[in-house]
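Chain by chain, the residues run as shown.
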Amino acid sequence: QVQFVESGGGLVQAGGSLRLSCAASGSTFSRNVMGWYRQAPGKQRELVAAISYGGTTNYQYSVKGRFTISRDNAKNTVYLQMNSLKPEDTAVYYCNAMTVIGGPVLGSWGQGTQVTVSS
């Protein structure tokens, strides 16, 4: 089963930037869509960005133009560059794989990485 280790979170002021990384284990990484999800306190986990094996990207409307997802298939790693951060971006961020965007995830959830944006 695919497993994920997220890193790169932290505390940043509004308007700042962070770059998240997700290292995946398992052979299914390079064949599947990879996504970044987030879960804010008291809210459901939501998909914020996804990228296919070939590099096609898809973003949640609230992050479009501010976040950029990318992947390095040779390193089994997916990244999320987050710019112009807002307090409402505060959440625990997770990554996972899926066969189609928005479909069921394929791996176990990792620990996630906390992103806190102060106003």
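One can find the structure itself at the top, above this paragraph.
Summary of the structure given here. (Residues numbered from 1 in each chain as written. Predicted model: local features only at pLDDT ≥ 70, side-chain atom pairs only at ≥ 80, totals over all residues. Heavy atoms only, no water.)

**Quick notes on the overall build of the protein**
- For the protein, the count of helices and strands is zero helices and ten strands.
- Counted from the first residue to the last, the protein has its helices and strands arranged as β-β-β-β-β-β-β-β-β-β.
- Split into buried and exposed, the 119 residues of the protein put 44% on the buried side.
- Within the protein, residue pairs in contact and separated by at least 24 positions form 55% of the contacts whose partners lie at least 6 positions apart.
- When the accessible surface of the protein is split by element, carbon and sulfur atoms take 48% of a total near 6,100 Å².
- The distance from the centre of the 10 positive side-chain charges to the centre of the 5 negative ones in the protein is 4 Å. (Helix = DSSP H or I, 4+ residues; strand = E, 2+ residues; numbered from the N terminus. Buried < 20%, exposed > 50% of the residue type's maximum accessible area, 1.4 Å probe, protein only. Contact = heavy atoms within 4.5 Å. Areas by Shrake-Rupley, 256 points an atom, 1.4 Å probe, with all protein chains shown as cover. Lys, Arg positive; Asp, Glu negative; His and termini not counted. Charge placed at Lys NZ, Arg CZ, Asp CG, Glu CD.)

**Details of the state of the cysteines**
- Using the criterion set out here, one finds one disulfide in the structure.
- Put simply, Cys-22 and Cys-95 are joined by a disulfide, and their sulfur atoms are 1.7 Å apart. Between Cys-22 and Cys-95 the disulfide shows an S-S torsion of about 45°. By sign, it is right-handed. Taken together, the positions of Cys-22 in strand β3 (residues 18-25) and Cys-95 in strand β9 (residues 91-98) put the pair 73 residues apart, joining distant regions of the chain. The same class applies to Cys-22 as to Cys-95, namely buried. (Disulfide = S-S within 2.5 Å.)

**Regarding the sheet that holds strand β8 (residues 77-82)**
- Taken in spatial order, the four strands make up an open sheet running β1-β3-β8-β7, and their pairing is antiparallel. With partners counted over all chains shown, the strands left at the sheet margins are β1 (3-7) and β7 (67-72), one partner each. Averaged over all neighbouring strand pairs, the angle between strand axes comes to 15°, with direction disregarded.
- As defined by bridge partners, β1 adjoins β3 across five bridges and the pair is classed as antiparallel. Opposite Val-5, over in β3, you have Ala-23 as the bridge partner. (Pairing = 2+ DSSP bridges. Axes fitted to C-alpha atoms, helices over the stretch in contact; angles between N-to-C directions.)

**What to know about the packing of aromatic side chains**
- Applying the stated rule across the entire model yields two aromatic pairs.
- Considering the side-chain rings of Tyr-37 and Trp-109, the 5.0 Å spacing of their centres and the 85° angle between planes classify their relative orientation as edge-to-face. Placement of the pair is Tyr-37 in strand β4 (residues 33-39) and Trp-109 in the loop between β9 and β10 (113-118), with a sequence separation of 72 residues.
- An angle of 75° between the planes, with centres 5.8 Å apart, marks the rings of Tyr-94 and Trp-109 as edge-to-face. Here the residue Tyr-94 occupies a position in strand β9, and Trp-109 occupies one in the loop between β9 and β10, the gap between them amounting to 15 residues.
- We note Arg-19 situated over the ring of Tyr-79; from NZ or CZ to the ring centre the distance is 4.1 Å.
- The cationic tip of Arg-45 hangs over the ring face of Tyr-94; the distance from NZ or CZ to the ring centre is 4.5 Å. (Phe/Tyr/Trp six-rings, centres within 6.5 Å; stacked < 30°, edge-to-face > 60°. Lys NZ or Arg CZ within 6 Å of the ring centre and 35° of its normal.)

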